[in-house]
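# Descriptive analysis of the structure
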Amino acid sequence: MHAWPASEVPALTGQGRDLRIHDTATGGLVTLAPGPVARIYVCGITPYDATHMGHAATYNAFDLVQRVWLDTKRQVHYVQNVTDVDDPLLERAVRDGIDWVGLAEKETALFREDMTALRMLPPKQYIGAVEAIPGIVPLVERLRDAGAAYELEGDVYFSVEADPNFGKVSHLDASAMRLLSAERGGDPDRPGKKNPLDPMLWMAAREGEPSWDGGSLGRGRPGWHIECVAIALEYLGMGFDVQGGGSDLVFPHHEMGASHAQALTGEFPMAKAYVHAGMVALDGEKMSKSKGNLVFVSALRRDGVDPAAIRLALLAHHYRDNWEWTDQVLADAVARLGRWRAAVSRPDGPSADALVEELREALANDLDAPAALAAVDRWAALQTEQGGTDEGAPGVASRAVDALLGVAL
Ligand code: 5CA
Ligand code: ZN
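First, a word on what this report is: a plain description of the structure on this page. In this text, all values refer to a predicted model and were calculated from it rather than measured experimentally. (Residues numbered from 1 in each chain as written. Chains lettered and ligands numbered in written order. Predicted model: local features only at pLDDT ≥ 70, side-chain atom pairs only at ≥ 80, totals over all residues. Heavy atoms only, no water.)

For the rest of this paragraph, the subject is the nonpolar core. Counting 79 residues, the largest nonpolar core has Ile21, Met53, Trp325, Trp379 and Leu405 as its most contacted members. Residue contributions to this core peak at 10 residues, all from helix α1 (residues 53–71). Within the second largest apolar cluster, 53 residues are counted, among which are Cys43, Ala104, Phe158 and Ala230. (Core = buried A, V, L, I, M, F, W, Y, C linked by side-chain atoms within 4.5 Å. Buried < 20%, exposed > 50% of the residue type's maximum accessible area, 1.4 Å probe, protein only. Helix = DSSP H or I, 4+ residues; strand = E, 2+ residues; numbered from the N terminus.)

Bringing the coordination of the zinc ion (ligand 2) into the picture now. Those protein atoms acting as donors to the zinc ion (ligand 2) are Cys43 (SG), Cys228 (SG) and His253 (NE2), and they sit at 2.1 to 2.2 Å. Taken together, the four donor atoms coordinating the zinc ion (ligand 2) span angles of 102 to 120° at the metal, a pattern that classifies the geometry as tetrahedral. (Donors = N, O, S within 2.8 Å, 3.2 Å for Na, K, Ca; no water. Tetrahedral: all angles 85-135°; square planar, octahedral: opposite > 155°, others 65-115°.)

This next bit is on the environment of Pro196. Note on placement: Pro196 falls in the loop between α5 (174–183) and β8 (200–204). Take Pro196: its relative accessible area is 28%, and that puts it in the partly exposed class. Residues Pro196 and Ser159, spaced 37 residues apart in sequence, show a C-alpha to C-alpha distance of 9.7 Å. When near neighbours in sequence (up to four residues on either side) are disregarded, Pro196 contacts Arg178, Asp187 and Pro188. (Contact = heavy atoms within 4.5 Å.)

Moving on, we come to the packing of helix α12 (residues 369–385) against helix α13 (residues 393–405). Relative to each other, α12 and α13 sit at 165°, their axes nearing to 12 Å. Compared by their axis directions, α12 and α13 come out roughly antiparallel. Between α12 and α13 lies a crossing whose hand is left-handed. Here Ala372, Leu373, Val376, Trp379 and Gln383 of α12 lie close against α13, whose contacting residues are Ala393, Pro394, Ala397, Val401 and Leu405. (Axes fitted to C-alpha atoms, helices over the stretch in contact; angles between N-to-C directions. Parallel < 35°, antiparallel > 145°, perpendicular 65-115°, else oblique. Left-handed = near helix turned anticlockwise from the far one by under 90°.)

Moving on, we get to the packing of aromatic side chains. If you walk through the whole model with that rule in mind, you get seven aromatic pairs. Between Trp100 and Trp212 the ring centres are 6.0 Å apart and the planes differ by 85°, which places this aromatic pair in the edge-to-face class. Separated by 112 residues along the polypeptide, Trp100 in helix α3 (residues 100–117) and Trp212 in the loop between β8 and β9 (220–222) bring together distant segments of the chain. On the basis of relative accessible area, Trp100 is assigned to the buried category, the value being 18%. Taken together, a centroid distance of 6.3 Å and an interplanar angle of 45° make the contact between Trp323 and Trp325 tilted. The class of Trp323 is buried, set by a relative accessible area of 10%. Judged by relative accessible area, Trp325 falls into the buried class, the value being 4%. (Phe/Tyr/Trp six-rings, centres within 6.5 Å; stacked < 30°, edge-to-face > 60°.)

Okay, the sheet that holds strand β3 (residues 37–42) next. Judged by pairing direction, the sheet is parallel, and its five strands sit side by side in the order β5-β4-β3-β10-β11 without closing on themselves. The open sheet has two free edges, formed respectively by β5 (125–128) and β11 (271–277), since each of these has just one partner strand. Across the sheet, the mean angle separating the axes of adjacent strands is 20° when strand polarity is ignored. Pairing of β3 with strand β10 (residues 240–246) involves three bridges; the strand directions are parallel. Across the sheet, Ile40 pairs through a bridge with Val242, a residue of β10. Here α1 sits on the sheet in contact with β3, β4 (75–82), β10 and β11, set at roughly 175° to β3. (Pairing = 2+ DSSP bridges.)

Once that is clear, we can look at the site of ligand 1. Of all residues adjacent to ligand 1, which total 24 residues, the nearest are Gly44, Thr58, Thr83, Asp248 and Lys289. The separation between a nitrogen atom of ligand 1 and a polar main-chain atom of Gly54 is 3.1 Å. With respect to ligand 1, the backbone of Val280 contributes an N or O atom lying 2.9 Å from a nitrogen atom. Of all the secondary-structure elements, those providing two or more residues to the shell around ligand 1 are α1, α6 (224–235) and β10. Across the shell around ligand 1, the residue classes break down as nine nonpolar, 12 polar and three charged. (Near = heavy atom within 4 Å. Polar contact = N/O pair within 3.5 Å; in protein donor to acceptor, adjacent residues only side chain to side chain. Nonpolar A, V, L, I, M, F, W, Y, C, P; charged D, E, K, R; others polar.)

Set out below in structure tokens:
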């Protein structure tokens, strides 16, 4: 699949900082030391509805990760998937009496537009589940042949018992895992499974549903977790730097992904850091396509909201916090954008050199975007109240805000 166009990232003078970030698997901060090419996999959308503020907040977090790395003069190899065949997508197409392929294409196209408007850096490879099937089938065959997978009425399940490190991403107990599995696409109550938590790797063709040639697996379609593992291992390889997503992906998705990868390669962990963004809520409940309590990026854009203000609204929250979208959040962001734009529109001002360092420090410290915004607020207030004589300062400030926060002033 094609991704979306990249906005330019200005190079800043001085030295970028290495990123310290929270790793769910170890439960603490890790300082990442990627090679010259940092590798990141971020779980993409299931395209059955438009991009909402929760998605945008999660992608914003991983965009910041890349901006910190780029500032250290590293290159970034970024891979993202699109779950363009899965139960919720097929169910929505049936509900609305539309073609599932057309639905996925339409929502993916809208996602690209939203990401472009928000100045999110595009992945180098943007890979759909359907196009990944030829790579998924041999992995499932290998897992089966190694005894890490088994067949149940034509479907193929992964055996969590095959992984000595199972549980080391989420650290949940069995009962919590069982509840989350049932909530998030698993089938713990299906009779005949070796362990209720075992996730499906390959689903045999169902009447009226799309299916693909699965070689010795028979016709069918891939399970969810193996999709991301196949794509990540093909394009990034084992031991990449960050696997990212919202906190609703900790279990089962990222736990099972680590397990599949462990059974395939004998190594743990698949990613050096498992990084998870908090959940954005609306009216007290997690924003979700299944509940329908949604604020869409595209709807705000249609209403004339500047995408830079949407981005500032996201940045006003720490990525690991759960937070609530309200009209006030947006109004505050619009006001802040106005203040910042006024501050950089003057030809001179107070020196912004210290501001650049404050932004670097804030983001390197577990992506503390609210601290970064507070630093820009202080510089903008000084500019407004006292001004200054440094001729390059407004340019330095706006380039730093663009490069590190993705906000064009
Ligand atoms: N296709 C899978 C990942 S492989 C999937 O979870 N798709 S999704 O469309 O449901 O979600 C896309 C991303 O947005 C995921 O990282 C998910 O964790 C995140 N996300 C979904 N809802 C919210 C929310 N309310 N707040 C923050 N992030 C969210
Ligand atoms: Zn994923």
